[in-house]
Every structure is written in structure tokens, then in C-alpha cells.
Amino acid sequence: MTFQELIAKIGKGQKGAKDLTAEEAEFAITGLLEEKASPYQVGAFLISLRIKEETPEELAVFTRACKRSLHPLIQSFQVRAGETLDLPFYAGKRTSFHVGLPASLVMAGAGLNVVLHGDPNPPLRISKSMVLAYLGWRQALSLKERLEFFTETGWTYLDIAQIHPGIKRFLDLRNEIGLRSIFHTIARLLNPLEASSQIIGISHPKSYEKIAETVRALGVSNALVVRGLEGESEENLSGPVEGIIVNPGSHSKTHLEPSPLGLTPIRRSEIEMKDPEAEARITEEILEGKGGKDRTALTLWNASIGLFISGKAKTLQEAYVRSKKSLESGEALQILKAIKKTFY
């Protein structure tokens, strides 16, 4: 088996291309990660696969191989998976508020373990890592420090450059080839701490079914696949959230409605943001109860969905009550204060 043969197999356009077998997919991803393919072969393979479009079976093989080569500290880390939600953030933002940050702290304040992970430097976009740096969670924090903080508080943010440098290398290729590759999807599916629940935001609803099938194949118990705000694992509050819910043994379309919670639609213009330092201040204000009606509502909506999808709450209504309690009691703010106390 050679890369030339695999490229020839998948590189004949959407009509002529053939899917990879599990053995071929394993050979390809291993060769890419171990740098056994030439730069020309890497480019040809990634572009050909993008045109063909990967199958759930290929995605599952690729993701499992990447999980086996995670940093040793990650592989040896023990987590209470049944009480943990995985939130991947790899798209970055151009204009909208990073609501996933305050929402994740509200979830953690409500007793749910939350693991965020992402790319600190997505091209031409603001990342959550950039916003967190103004809150004390600096990019220079070691992986050991990030995992220790998770043990202490039930919340952490992991940098893909630390947990899997190989994936980060391929994410950065977007700067050269101008397109996303399979690795942008793999990163979202990686679930480094083996959480039992995930929320995966994607840009294109046509990929819902494929991602949901892959999540099931990877053994995640509960997940929500949704068209996220700017492709991130966040939900808008412009109306009902449409997506796919994954449960043990099945997955189905879902329609999450905010109006029974008393939440009304907010305009995109009301959550526009382009300054990470200002976002950090607003995040702190939200957790202090001074963040404004719209941003607070968006935070509570996202936190409620996380608590519901993870099984921490049986209904969205219960999840909303728990989210409000976490915010109003100051439990969420205490985690932010722990970040400042520990790392400033």
C-alpha cells in the first residue's frame, strides 16, 4: 500500500472516487501523523479527501488513531467521564461574543465537569484562548497546570498544540492551502479526556448526520451536533436550535425551544464583539450579574443546553433553573476567581 495508490483511489472526483477501507484509512492517517508522506502527497491527499467527502467510517478510524497519539499526560489522566462535558472550539470568531466561556463556567458552577479544547491561533480569528489570556488563563500555562486545575475545580481549557502537536501542525496548513482539512473535523471529535457527553458545533448542517454517526461509533453516550455560532460549539438565541441529539444506540433530529424558558430572540448586532480584552471584561461582568440582559440570556441558554445534553438535568427547564442558580449564587464566579488566584 502506498500514498500514491490511496490518492489515486480518492482523487477521481465525487463520482469516480472510492471510499477508503479501515486498513487504508489507518495507513493514511498514520503516515500523515508520522510525516511519512511528502508535502505534495499531503496536499493531494487532503484536497482529494475534501472533494470526495469523508465517510463516518473513515472519520472514526482517523479519530481513533489520533486519540492513540495524544500526549501521555492526557492518556494517563483519570476523569469521571459520566459527569463530564466535552466542548471543542476550533473555528474562532470574527464578530460574535465567545459565549461558550461564561456558559462553561456556569455549567461548572452547577456541578458539571467541563473540558474546553481548541486552537489558540485560528487564522484571522479570535480564539477563546486569546480571551482567556485576559482572565489569567495564559497560553503559556503547561498541560500539567491545566489538568491540575481541572482536578481542583472541574473546569479546564486545553490547547491542541500541547495535547496533540501533530493535529496542530495540520490545522496550521490552512494558512498555506486556504481550506479546512479533515483535521479540523478530527479535532472537534477528539474528546481528549473521554467525556461521556459532547456538544459539537459545525458550519454546515448537511454534515449533521455524518458527525452524529461518527460520534456514536466513537462511543460517546450523549451529544448534540448543531450549527454553531460561527462554527463554534455554541448555540444562538435567534430562535429554536435545530440539530441532532446522540443517545446510546440511536441519534435523532432535535428542536430545542428557548421560549418556554422565558428567553426571547436577540439580534446578532447585540452580541457583536471583536476585542478579546473587552470580551474578557464582559465575561467577568456576566458572572458578576452585571453583564446585561441579552448577553446573560445567551449565556444561560448555552449553559442550560449543556446541562441538559450531559444528563445533569432531565429537562431544559430544570437545566435553566440550575444555570440561573449557578450564576446568581456566585458559584460560576468562584471558578473564575480561582483562575485569577492561581495564575495571575
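Residues numbered from 1 in each chain as written. Predicted model: local features only at pLDDT ≥ 70, side-chain atom pairs only at ≥ 80, totals over all residues. Heavy atoms only, no water.

**Re empty space enclosed by the protein**
Counted under the stated rule, the structure contains 1 cavity of 30 Å³ or more. For the largest cavity, the calculated volume is near 50 Å³. For the largest cavity, the full set of lining residues is Leu 87, Phe 89, Gly 100, Ala 103, Met 107, Ile 199, Ser 233, Glu 234, Glu 235 and Asn 302. Broken down by secondary-structure element, the contributors of at least two residues to the lining of the largest cavity are strand 1 (84-89) and helix 7 (100-109). Looking at the lining of the largest cavity element by element, the count peaks at 3 residues for helix 7. Here the residues of the lining of the largest cavity are counted per class, giving 5 nonpolar, 3 polar and 2 charged. (1 Å grid on protein atoms, 1.4 Å probe; cavity = no way out; pocket = protein on both sides within 12 Å on 5 of 7 lines; lining within 4 Å. Points joined across faces, edges and corners; volume = space filled by probe spheres on them. Helix = DSSP H or I, 4+ residues; strand = E, 2+ residues; numbered from the N terminus. Nonpolar A, V, L, I, M, F, W, Y, C, P; charged D, E, K, R; others polar.)

**Focus: the pairing of strand 4 (residues 197-202)**
Burial analysis of strand 4 places 6 of its 6 residues in the buried class, which makes it a mostly covered element. Here strand 4 shows no split at all, with Ser 197, Ile 199 and Gly 201 on one side and Gln 198, Ile 200 and Ile 202 on the other all buried. Bridge count between strand 1 and strand 4: 2 bridges; the pairing is parallel. Each bridged residue has a counterpart across the sheet, and for Leu 85 the counterpart in strand 4 is Ser 197. Two strands pair when backbone bridges link them, and strand 4 and strand 5 (residues 222-227) are joined in this way by 6 bridges, in the parallel orientation. Bridge assignment links Gly 201 to a residue of strand 5, and that residue is Val 226. (Buried < 20%, exposed > 50% of the residue type's maximum accessible area, 1.4 Å probe, protein only. Pairing = 2+ DSSP bridges.)

**Some remarks on the pairing of strand 2 (residues 113-118)**
When you tally the buried positions in strand 2, you get 6 out of 6 residues, the bulk of the element. Of the two faces of strand 2, the one lined by Asn 113, Val 115 and His 117 and the one lined by Val 114, Leu 116 and Gly 118 are each fully buried. Here strand 1 runs beside strand 2; their pairing, made up of 6 bridges, is parallel. Directly across from Phe 89, in strand 2, lies its bridge partner Gly 118. Running through helix 7, the crossover from strand 1 to the neighbouring parallel element strand 2 is right-handed. (Right-handed = clockwise from strand over helix to strand, strands pointing away.)

**Brief notes about unusual backbone geometry**
At Asn 191, a residue that is not glycine, the phi angle is positive and equals roughly 45°. Looking at where Asn 191 falls in the secondary structure, it is placed in the loop between helix 13 (182-189) and strand 4. Phi is positive for Glu 230, which is not a glycine, with a value near 55°. As for its position among the elements, Glu 230 is in the loop between strand 5 and strand 6 (241-247).

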